[in-house]
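Letter by letter, the chains look like this.
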Amino acid sequence: MDVPYAEKDQAKAAGARWDPAAKRWYAARPGITALQRWAAQPDVPDLLPGEDRSFGAGLFVDLVPSSCWFTNVRSCVDQRDWERLRRMITNRAGHRCEVCGRGEDRTVQRWLEAHERWHYDDATHTQTLKRLICLCTDCHTATHMGLAQIKGRADQATAHLRAVTGMTAGQASAHINAAFSLWRSRSTRHWALDLSILTDAGVTLTPPPERTNRAAEAQRRLSEVQQVPPRTTNLSPPPAPARPRHEPPEKQASPASSVQGPQWLPGWLQRWLADPRDSR
């Protein structure tokens, strides 16, 4: 059956059972009508139409512009269709991370997760889904370095980035700072969303907001979660305060702590991102 994670308890109560080998729910016996809502749909093809599986190879910090939050694949695809996509992604990767090659390990809380590789066309301001990739938790955490910093995992994420790529401490710091600089620039723009590799594969989508409304939609969703009034948030880092003449120079920061990450985001946004219920 195709059972979204959020509905697993309902399916289990209705008579579904979990197959740990297949990593899939199934009916304990034939004829359980309460399980019909989760009846399996046709598998998604291993290669999505127009998908480029060489796009975005390797491990790197890959930040989605804040003006695009909540309006990409996860929010546009039905949960059951996302389960079909996730299953296809992990199966075709041989249940291994496509970057570091490791599989799941419950003892260290390492899982296999789906990640989206996007191309940003600066001329047309279009955000195009080019590839879906299977990443382990460690590689996914390093990829989403902003969330790693907010959750206090920047050091571990940076260490994993260096271990996988062979970067030096200085190279990793420069790479992360460049990624945040690009993120700040892209976050000031309105992006149209192109998910044609999914629609051409028969995946049904909820039409995303128009490009000029995507940033406002992200703010609205964040405001709903935090129960605060929608408002315009300045996502640019504040200028560094002037240091009094009598104050001694700061000690040289380590590569991880010198990264210009989202520690300057508004407090209410930091609290939301740090919530373990985060499902972006």
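Conventions adopted
- Residues numbered from 1 in each chain as written.
- Predicted model: local features only at pLDDT ≥ 70, side-chain atom pairs only at ≥ 80, totals over all residues.
- Heavy atoms only, no water.
- Helix = DSSP H or I, 4+ residues; strand = E, 2+ residues; numbered from the N terminus.
- Buried < 20%, exposed > 50% of the residue type's maximum accessible area, 1.4 Å probe, protein only.
- Areas by Shrake-Rupley, 256 points an atom, 1.4 Å probe, with all protein chains shown as cover.
- Salt bridge = Lys/Arg side-chain N within 4 Å of Asp/Glu carboxyl O.
- Pairing = 2+ DSSP bridges.
- Axes fitted to C-alpha atoms, helices over the stretch in contact; angles between N-to-C directions.

**Describing the overall build of the protein chain**
Summing up its helical and strand segments, the protein chain has 10 helices and 5 strands in all. The proportion of buried residues among the 280 residues of the protein chain is 43%. Taken as a whole, the protein chain presents about 15,100 Å² of accessible surface, with 50% of it coming from carbon and sulfur.

**Let's talk about the pattern of salt bridges**
Counting across every chain of the model gives 14 salt bridges. One salt bridge in this structure joins Arg86 and Glu83, with 2.7 Å as the shortest N-O distance. Placement of the pair is Arg86 and Glu83 together in helix 3 (residues 79-92), with a separation of 3 residues, close to one helical turn. For Asp122, the salt bridge is made with Arg189, and the minimal N-O distance between the two is 2.7 Å. On the criterion of sequence distance, the pair formed by Asp122 in the loop between strand 3 (112-121) and strand 4 (126-136) and Arg189 in the loop between helix 7 (169-186) and strand 5 (192-194) is long-range, its members being 67 residues apart. Beyond isolated ion pairs, a larger network of salt bridges with shared partners links Asp2, Arg24, Asp43 and Arg87.

**Thoughts on the sheet that holds strand 5**
Strands sit in the order 3-4-5 across an open sheet of 3 strands; the sheet is mixed. Of all the strands in the sheet, just strand 3 and strand 5 have a single pairing partner and so form its edges. Averaged over all adjacent pairs, the angle separating strand axes in this sheet is 40 degrees, with direction ignored.

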